[in-house]
Amino acid sequence: MTLATLAGRLHRLSLTRDGDNAIAWPDRLTDEDWCFSHDLLSHPDLAETEARRLAFWEAVNFFSLNFHGERPLMAGLAARAGSAAYGTVAPYLAAFEREEAAHSAMFATFCERYAGRLYPEKTIATSRRQDPVEPEILFFAQTLFFEELMDLYNRRMAEDPLLHPVIRRIHALHHRDETGHILFGRRILRDLVTRHDPDRGALRRHLMGFVRLTWMQLYNADAYRDAGLDEVYARRNRAWVAQTGFRHAMTQTAGHHLLALGLLDTEVLP
Ligand SMILES: [Fe+2]
Ligand SMILES: [Fe+2]
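Read on for a plain summary of the structure. (Residues numbered from 1 in each chain as written. Chains lettered and ligands numbered in written order. Predicted model: local features only at pLDDT ≥ 70, side-chain atom pairs only at ≥ 80, totals over all residues.)

### Here's the deal with the environment of D20
For step 1, the next point in the chain: Within the secondary structure layout, D20 lies in the loop between α1 (3-17) and α2 (48-81).
For step 2, the next point in the chain: When the 8 C-beta atoms within 10 Å are taken as the criterion, D20 is described as exposed.
For step 3, the next point in the chain: Taking the C-alpha atoms as reference points, D20 and L173, separated by 153 residues in sequence, lie 9.0 Å from one another. (Helix = DSSP H or I, 4+ residues; strand = E, 2+ residues; numbered from the N terminus. Buried ≥ 20, exposed ≤ 12 C-beta atoms within 10 Å, placed from the backbone.)

### Topic: helix α3 (residues 90-115)
For step 1, the next point in the chain: Compared with the 38 Å implied by 1.5 Å per residue over 26 residues, the 37 Å span of α3 between its first and last C-alpha is a close match.
For step 2, the next point in the chain: Among the residues of α3, Y92, L93, A95, F96, E99, E100, H103, M106, F107, F110 and C111 are the ones counted as buried.
For step 3, the next point in the chain: Residues of α3 that are buried make contact with α1, α2 and α5 (165-196).
For step 4, the next point in the chain: Positive phi appears at G116, one or two residues downstream of α3, with a value of about 80°. (Expected span 1.5 Å × (residues − 1). Contact = placed C-beta atoms within 7 Å.)

### Section: the packing of α2 against helix α4 (residues 135-158)
Each pair of packed helices gets described by two things: the angle between the helix axes and the distance between those axes.
For step 1, the next point in the chain: Interhelical geometry of α2 versus α4 gives an angle of 155° and a closest axis separation of 11 Å. Here α2 is positioned roughly antiparallel relative to α4, judged by the angle of their axes. Two packed elements cross with a definite hand, and for α2 against α4 that hand is left-handed. Listed contacts from α4 to F62, N66, G69, L73 and G76 of α2 are F139, T143, F146, M150 and Y153.
For step 2, the next point in the chain: Counted by class, the contact of α2 with α4 contains six nonpolar, four polar and no charged residues. (Axes fitted to C-alpha atoms, helices over the stretch in contact; angles between N-to-C directions. Parallel < 35°, antiparallel > 145°, perpendicular 65-115°, else oblique. Left-handed = near helix turned anticlockwise from the far one by under 90°. Nonpolar A, V, L, I, M, F, W, Y, C, P; charged D, E, K, R; others polar.)

### So, the environment of E50
For step 1, the next point in the chain: Tracing the backbone shows E50 in helix α2.
For step 2, the next point in the chain: Accessibility expressed as a C-beta count within 10 Å gives 15 for E50, which makes it partly exposed.
For step 3, the next point in the chain: On a C-alpha basis, the gap between E50 and A227 in space is 7.3 Å, while along the polypeptide they are 177 residues apart.
For step 4, the next point in the chain: Non-local contacts of E50, meaning those with residues more than four positions away in its chain, are made with A227 and L229.

### Considering the nonpolar core
For step 1, the next point in the chain: In this structure, A59, A141, F145 and L207 are the most contacted members of the largest nonpolar core, which totals 59 residues.
For step 2, the next point in the chain: The set of elements that each furnish at least two residues to this core consists of α1, α2, α3, α4, α5, α6 (200-216) and α7 (221-226).
For step 3, the next point in the chain: With twelve residues, α2 is the single largest residue contributor to this core.
For step 4, the next point in the chain: Those residues in contact with A141 that lie beyond four places of it in its chain are L189, L203, L207, L258 and L263. (Core = buried A, V, L, I, M, F, W, Y, C linked by C-beta atoms within 7 Å.)

Here it is, written out as structure tokens:
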């Protein structure tokens, strides 16, 4: 199947789903409600009451991270949907952007209703080398890694019977749309890499920085503080070290297609 055929199919599928995004928002969540799968917490080695409190704030962190990640994605999709270079796939890029806008609204609603806010975006200063890289490949590679990693969480939490139904519903809706985004992303990235044969070393350096930054945002000391934990920075640092094997396994699974294209470096996984 060509990229254009795949995009056409995904576009028609997106149109049939328009409007099927209803969520029954409960008035409130209680301390008894699980909002994040226990074994996916950044700091799983807690007693149950503490873990459940952290689960709520890690849900807020996860949805905030997705919200902030979708902003540059939507801008990038809108620019490309209006570009002649993407002529045959432009209608799907516009549908992809609309789906992301709906996700962002869903994540913001959860955070504002139950936490009163989103966590701010973490911008971490990096002394990034300014290697020249192919911008189209970098855009679709970052998008694909982000969506593949977040979708590992979506898939697990959509099916976790211990979670509150509103959490399962949010993850199920997100996973439904991300399945199309990921299929499209894998395909367009493969086509772009084949066509441009880019400098993979430069791309790997950029992408490994992006992978590290994405993971760092899943270890948020503010969430630990909001959950009532003490020594939040020391805890976060210990959790980061203790969870290295988990992160590597998740990165290898989420980065499977990038690894196959030579765009990730398993020697320097965060
Ligand atoms: Fe999304
Ligand atoms: Fe997406």
